[in-house]
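# Residue-level structure breakdown
Next come the chains, spelled out residue by residue.
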Amino acid sequence: MKRRNALKALAGLGVLAATTPVFANEEGFCNVYKFYRPEIKNRTKMHIKNPAHPTKGELKHTPEIKIGAKNVKGYTLIEITLGQKGIIHPSTENHWIDFIELYVDGKKIDIVVFEPGKAMGYAAFNVKLDGAKKVKAVAGCNIHGIWENEVSL
Ligand SMILES: [Fe+2]
């Protein structure tokens, strides 16, 4: 318990952040490489301001979630793409989707971390969804912040 309190105190001072590239903040959103990579400029949680009329920038950053078929082992394919309606987020050395996280019923399942300019913002997972009610994707753009989308099953 003393060790946990000491780690919390160090984290509060930013001491651990300099040596720990991956951690979750108090909201549960991942701050991948926040201090490790200087190119990651924005970890603000973003929202579509008017869901009835999203802007191109909002569509480009909002994860699209596709629930696929269940395989013979009982795992369901979940595909996550950035962004929506054919407006795809770029992947360059200076501007890229740096991570995609998958949550099922609020529980973090996994994360994919991307190097700058190497791959588009896409991830696929095979997950057991038996009885699950919601699937959420959270994605980070190094410049435009953290965006999420959730679908009900
Ligand atoms: Fe972006």
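Residues numbered from 1 in each chain as written. Predicted model: local features only at pLDDT ≥ 70, side-chain atom pairs only at ≥ 80, totals over all residues. Heavy atoms only, no water.

Definition in use: UniProt positions are given in the numbering used here, feature names are shortened, and annotations may be inferred rather than shown by experiment.
Under the annotation held in an unreviewed UniProt entry, the protein carries the name Desulfoferrodoxin ferrous iron-binding domain-containing protein and is attributed to Lebetimonas natsushimae. Its UniProt record gives the protein a comment under Sequence similarities (unreviewed entry), which states: "Belongs to the desulfoferrodoxin family."

## Focus on the sheet that holds strand β5 (residues 122–127)
Basically, it comes down to this: Strand pairing is assigned whenever DSSP detects at least two bridges linking the two strands. Secondary structure elements follow DSSP: runs of H or I no shorter than four residues count as helices, runs of E no shorter than two count as strands, and numbering proceeds from the N terminus. Where helices are involved, their axes are fitted lines through C-alpha atoms of the stretch in contact, as for all axes, and angles between N-to-C directions lie from 0 to 180°.
Read across the sheet, three strands follow the order β1-β2-β5 without closing on themselves; strand pairing throughout is antiparallel. Every interior strand has two partners, whereas the edge strands, β1 (64–70) and β5, have only one. Along the sheet, successive strands turn relative to each other by an average axial angle of 20 degrees, direction set aside. Alignment of β1 against strand β2 (residues 76–81), held across five bridges, turns out to be antiparallel.

## Concerning the sheet that holds strand β6 (residues 134–141)
In space, the four strands of this open sheet follow the order β4-β3-β6-β7, with antiparallel pairing throughout. In this open sheet, the two strands that pair with only one neighbour each are β4 (107–113) and β7 (145–152). On average, each strand axis in the sheet is tilted by 15 degrees relative to the strand beside it, whichever way the strands run. Both β6 and β7 contribute to a ladder of eight bridges, which runs antiparallel. Note on β7: the bridge partner recorded for G140 is I146.

## Thoughts on the coordination of the iron ion
We count it as follows: Each metal site lists N, O and S donors within 2.8 Å (3.2 Å for Na, K and Ca). With water left out of the atoms, a site can look as if it is missing ligands. For every residue, the accessible area obtained with a 1.4 Å probe (protein chains only) is divided by the maximum for its type, and the residue is called buried under 20%, exposed over 50%, and partly exposed between those limits.
Taken together, the protein ligands of the iron ion are H61 (NE2), H89 (NE2), H95 (NE2), C141 (SG) and H144 (ND1), with distances of 2.1 to 2.4 Å. Sequence positions of the donors to the iron ion reduce to the motif H-x27-H-x5-H-x45-C-x2-H. On the criterion of sequence distance, the pair formed by H89 in the loop between β2 and β3 (97–104) and C141 in strand β6 is long-range, its members being 52 residues apart. Each member of the pair H89 and C141 is classed as buried.

## Overview of the nonpolar core
Put simply, the rule is: Put simply, buried Ala, Val, Leu, Ile, Met, Phe, Trp, Tyr and Cys residues joined by side-chain atoms within 4.5 Å make one nonpolar core. Residue contacts are counted whenever heavy atoms from the two residues lie within 4.5 Å of one another.
Grouped together as the largest cluster of nonpolar side chains are 20 residues, with contacts concentrated most on I78, I80, I100, L102, V127, L129 and V135. Elements with a contribution of two residues or more to this core: β2, β3, β5 and β6. Setting aside residues no more than four positions away along its own chain, I80 makes contact with P63, E64, I100, E101, L102, G121, Y122, A123, F125 and A137.

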